[in-house]
Amino acid sequence: MNNKHLKEFKDRLAIEKNRLEKELRLISKDSLEKSQSEMSGEHGYEDNAADMATTTFERERDESLVWNIKDMLNKINDSLSRIKEGTYGICSDCSQEISIERLEAIPYAENCLRCQSKKT
Ligand SMILES: [Zn+2]
């Protein structure tokens, strides 16, 4: 991998990181507002079952979304530190170079296609 590629991936990862962090802030702000309005809401504890179910569903959906985003952010942070260390683009299992095509599709890929397909 040459420096030009490395810089490109670094930029892409940084952009993606910003986007995800923004999304994460929006979701947590959103669910904070939701829980605050639930507490001070007119309905109080008299919420009907349907409302409760919707709220639970939304919260669970938010939680899995947050989980996904955090997972992705971890991978991106890992990739960014691998760029710093100079090990970016190297498969963490077999130490072979990950193809540029694969990194272009998934810039935070940790494994080469061969190792990844073994895992799934
Ligand atoms: Zn590999």
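Located above this text is the structure these notes cover.
Source: prediction; values computed, not measured.

How each quantity is defined
Residues numbered from 1 in each chain as written. Predicted model: local features only at pLDDT ≥ 70, side-chain atom pairs only at ≥ 80, totals over all residues. Heavy atoms only, no water. Donors = N, O, S within 2.8 Å, 3.2 Å for Na, K, Ca; no water. Tetrahedral: all angles 85-135°; square planar, octahedral: opposite > 155°, others 65-115°. Buried < 20%, exposed > 50% of the residue type's maximum accessible area, 1.4 Å probe, protein only. Helix = DSSP H or I, 4+ residues; strand = E, 2+ residues; numbered from the N terminus. Contact = heavy atoms within 4.5 Å. Phe/Tyr/Trp six-rings, centres within 6.5 Å; stacked < 30°, edge-to-face > 60°. Core = buried A, V, L, I, M, F, W, Y, C linked by side-chain atoms within 4.5 Å. Expected span 1.5 Å × (residues − 1).

K.L.:
Please clarify how the coordination of the zinc ion should be interpreted in this entry.
P.N.:
Tetrahedral coordination by four donors places them ideally at 109.5 degrees to one another around the metal; octahedral coordination by six donors ideally gives 90 or 180 degrees. Here the zinc ion is held by the protein donor atoms Cys91 (SG), Cys94 (SG), Cys112 (SG) and Cys115 (SG), which lie 2.2 to 2.3 Å from it. Considering all four donor atoms around the zinc ion, angles at the metal cover 107 to 117° and the coordination shape is tetrahedral. For the zinc ion, the donor residues sit on a single chain with the sequence spacing C-x2-C-x17-C-x2-C. Residue cysteine 91 is classed as buried on the basis of its relative accessible area of 2%.

K.L.:
Would you explain the environment of lysine 34 in this entry?
P.N.:
Examined against the element boundaries, lysine 34 turns out to sit in helix α1 (residues 3-40). For lysine 34, a relative accessible area of 24% corresponds to the partly exposed category. In sequence terms lysine 34 and arginine 102 are 68 residues apart; their C-alpha atoms lie 40 Å from each other. Apart from the residues lying within four places of it in its own chain, the contact partners of lysine 34 are Glu58 and Asp62.

K.L.:
Hey, could you run me through the packing of aromatic side chains in this one?
P.N.:
Think of a pair of aromatic rings as described by two things: how far the centres are apart, and how the planes are tilted against each other in angle. Tallied over the entire structure, the rule returns one aromatic pair. A centroid spacing of 5.8 Å and a plane angle of 50° characterise the contact between phenylalanine 9 and tyrosine 88, whose relative ring orientation is tilted. With a gap of 79 residues between them, phenylalanine 9 in helix α1 and tyrosine 88 in the loop between α2 (49-85) and α3 (100-105) connect regions that are remote in the sequence. When its relative accessible area of 1% is taken as the criterion, phenylalanine 9 is described as buried. Given a relative accessible area of 5%, tyrosine 88 falls into the buried group.

K.L.:
Teacher, can you tell me more about the nonpolar core here?
P.N.:
Within the largest apolar cluster, 19 residues are counted, with the highest numbers of intra-cluster contacts made by Leu13, Ile69, Ile76, Tyr88 and Leu103. Mapped onto this core, the elements with two or more residues apiece are α1 and α2. With six residues, α2 is the single largest residue contributor to this core. Apart from the residues within four sequence positions on either side, isoleucine 69 is in contact with Leu20, Glu23, Leu24 and Ile27.

K.L.:
Just to check I follow, could you spell out α2 for this structure?
P.N.:
The periodicity of an α-helix, 3.6 residues per turn, causes residues three or four places apart in sequence to face the same way. With 37 residues, α2 extends 53 Å between its outermost C-alpha atoms, agreeing within 8% with the 54 Å of an ideal straight helix rising 1.5 Å per residue. Listing the buried residues of α2 in full gives Asp62, Val66, Ile69, Leu73, Ile76, Ser79, Leu80, Arg82 and Ile83. Looking at the residues trailing α2, positive phi occurs at glycine 86, about 85°.

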